[in-house]
Amino acid sequence: MPSYQIRDTATHQLLAHGLADYPAAEAALDRIDDELEHNLAANSEGTGRIRLRLDIEKVTAGTTETVGHHVLLLGVDDPTDPLSAP
C-alpha cells in the first residue's frame, strides 16, 4: 500500500512522512503553513514574503515518485473582499 510524504524541494528535507493518502498530504501542507506562520509570529519575526516549494511524493515499495507540487507563500495577506471593507 502506498504512502505519501512532503519534501522541501530546495533543501530536500523531509517534512512529513507516512501519510495515508493525497488528501492527508494536503492537510499536512496546511499544518506546515500554519506552524511556520505561528512560529514566526511567536518570535516577533516578519515573514518577509517567504516562498517555499514543497513536493508531495508517493512512496510505493521503496520507490519514491513526485506526484504534486505546492508553493507556500508566507507573509502575503490573503485577498480581502473589497465590498466587506468598512
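In the block above lies the structure referred to throughout.
Just so it is clear, the structure is predicted and the values come from calculations on it, not from any experiment.

**Q** Break down the overall build of the chain for me, with residues and values.
**A** The secondary structure content of the chain amounts to 1 helix and 4 strands. When the elements of the chain are put in sequence order from the N terminus, they spell out β-β-α-β-β. Split into buried and exposed, the 86 residues of the chain put 24% on the buried side. Total accessible area on the chain stands at roughly 6100 Å², and carbon and sulfur atoms take up 51% of it.

**Q** Report on the sheet that holds strand β1 (residues 3–8), specifying residues and quantitative values.
**A** Spatially, the 4 strands line up as an open sheet ordered β2-β1-β3-β4, and their pairing is antiparallel. In the strand order of this sheet, the two ends are held by β2 (14–19) and β4 (63–74), each with one partner. Averaged over all adjacent pairs, the angle separating strand axes in this sheet is 20 degrees, with direction ignored. Two elements, strand β3 (residues 50–60) and β4, share 11 bridges in a ladder whose sense is antiparallel. Within β4, the residue paired with Lys58 across the bridge is Glu65. Each of β1, β2, β3 and β4 touches helix α1 (residues 22–42); the most contacted strand, β4, lies at about 35 degrees to it.

**Q** How would you explain the packing of aromatic side chains if you had to name every residue and give the values?
**A** Inspection of every chain in the model, using the stated rule, returns 1 aromatic pair. With a centroid separation of 6.2 Å and 90 degrees between ring planes, the pair formed by Tyr4 and Tyr22 is classed as edge-to-face. You can see Tyr4 sitting in strand β1 and its partner Tyr22 sitting in helix α1, a full 18 residues away along the chain. Judged by relative accessible area, Tyr4 falls into the buried class, the value being 12%. A residue is classified by how much of its surface remains accessible, and Tyr22, at 26% relative accessible area, is partly exposed.

**Q** Help me get a handle on the nonpolar core, residues and values and all.
**A** Within the largest apolar cluster, 11 residues are counted, these being Tyr4, Ile6, Ala16, Leu19, Ala25, Ala28, Leu29, Ile32, Leu54, Ile56 and Leu72. The set of elements that each furnish at least two residues to this core consists of β1, β2, α1 and β3. Among the elements that take part in this core, α1 stands out by supplying 4 residues, more than any other. If sequence neighbours within four positions are ignored, Ala16 has contacts with Gln5, Ile6 and Ala28.

Rules of the game
In this convention, every chain numbers its residues from 1, walking through the sequence in written order. Totals for whole chains, interfaces and linings use all residues, but because this is a predicted model, local features are given only for residues with pLDDT of at least 70 and pairs of side-chain atoms are given and counted only at 80 or more. Side-chain descriptors were evaluated using all non-hydrogen atoms of the structure, hydrogens and water having been removed beforehand. Strands are runs of DSSP state E lasting at least two residues, helices are runs of H or I lasting at least four, and both sets are numbered from the N terminus onward. Buried residues are those whose accessible area, probed at 1.4 Å on protein chains only, stays under 20% of the maximum for their type, while exposed residues exceed 50% and partly exposed ones sit between those limits. Here the Shrake-Rupley method, with its probe set to 1.4 Å, supplies the accessible areas, and only the displayed protein chains count as covering residues. When DSSP finds two or more bridges between a pair of strands, those strands are recorded as paired. Structural elements are reduced to axes, namely lines fitted to C-alpha atoms, with helices fitted over the stretch in contact, and the angle between N-to-C directions of any two is expressed from 0 to 180 degrees. Residues are treated as being in contact if the distance between any of their heavy atoms lies within 4.5 Å. Two rings from Phe, Tyr or Trp (for Trp, the six-membered ring) form a pair when their centres sit within 6.5 Å of each other. Planes less than 30 degrees apart are called stacked, planes more than 60 degrees apart edge-to-face, and all others tilted. Here, nonpolar core means buried Ala, Val, Leu, Ile, Met, Phe, Trp, Tyr and Cys residues that are tied together by side-chain atoms lying within 4.5 Å of each other.

Honestly, that's just the spatial picture; any functional story needs more than this.
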